[in-house]
Amino acid sequence: MDTQALQALKDSIRVIPDYPKPGILFRDITTLLGHASMFGLAVEELARPWTAAGVERVAGIEARGFILGGAVAHRLTAGFVPIRKKGKLPHDTVRVAYSLEYGLDEMEMHRDALSPGERIILIDDLIATGGTAEAAVRLLRSLGAEILAACFVIDLPELGGASRLEALGVPVRALVAFQGH
Ligand code: AMP
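Keep in mind it's a predicted model, so treat the numbers as computed, not measured.

Trainee: Explain the packing of helix α1 (residues 3-11) against helix α3 (residues 36-47) to me, and be specific about the residues and the numbers.
Mentor: Where α1 contacts α3, the two axes come as close as 10 Å, and the packing angle between them is 115 degrees. By the angle class used here, α1 and α3 are roughly perpendicular. When the axes of α1 and α3 are compared, the crossing they make is left-handed. In this structure, α1 contributes Ala-5, Ala-8 and Leu-9 to the contact, and α3 contributes Met-38, Leu-41 and Ala-42. Residues belonging to the contact of α1 with α3 are distributed by class as follows: six nonpolar, no polar and no charged.

Listed below in structure tokens is the structure:
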């Protein structure tokens, strides 16, 4: 992606100060998603390193990871696996608790969502502290997934999430980075 396209992608993300609580700069990707060429660019760039990597499934984290992950899965001719907030999936699940930049939660996957050894990439819109993505990695690995990488539109490097995932042996790729929280 050239620097002009990168800047346009970055500019298409709206910032909402003090949402959902004071002190948080919320990076709102609805403005990116609503813009056809920016949505297309983000999906192409997220998929690009993996077009010949034999990715069998893309796992997306609820909710914004579904929008991006579904499109990336289609682009890679891969299946899509939803990682959801607890209580939403109808069949047998595996569950993990995790802490967010602004709270605590639990997430689940269907126990039969993938087979051991499957080649997976994980997708979400943003990595901050890495707590959410780390929990998703734990869930995927509990089912035997081979996680090739975790991929995000946005990294907030000062919060250390990418380093946290890399310490678990998961390569991290983000399209843009913002300073601060
Ligand atoms: P974390 O677990 O701290 O890496 O937080 C990542 C998750 O929380 C992602 O699913 C993001 O969508 C959401 N999130 C955390 N911080 C922000 C932020 N500043 N702006 C938008 N979304 C955020």
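We are not done yet, so read on.
Trainee: Let's hear about unusual backbone geometry: which residues, and what values?
Mentor: Look at the link from Tyr-19 to Pro-20: it is a cis peptide, with omega at 0 degrees. With respect to the secondary-structure elements, Pro-20 resides in the loop between β1 (14-17) and β2 (25-28). A cis geometry characterises the amide bond from Glu-62 onward to Ala-63, with omega recorded as -5 degrees. One can find Ala-63 in the loop between β3 (57-61) and α4 (64-75). Of note, the phi angle at Asp-18 is positive, near 60 degrees, even though the residue is not glycine. Structurally, Asp-18 can be placed in the loop between β1 and β2.

Criteria and thresholds
- Residues numbered from 1 in each chain as written.
- Predicted model: local features only at pLDDT ≥ 70, side-chain atom pairs only at ≥ 80, totals over all residues.
- Heavy atoms only, no water.
- Axes fitted to C-alpha atoms, helices over the stretch in contact; angles between N-to-C directions.
- Helix = DSSP H or I, 4+ residues; strand = E, 2+ residues; numbered from the N terminus.
- Parallel < 35°, antiparallel > 145°, perpendicular 65-115°, else oblique.
- Left-handed = near helix turned anticlockwise from the far one by under 90°.
- Contact = heavy atoms within 4.5 Å.
- Nonpolar A, V, L, I, M, F, W, Y, C, P; charged D, E, K, R; others polar.

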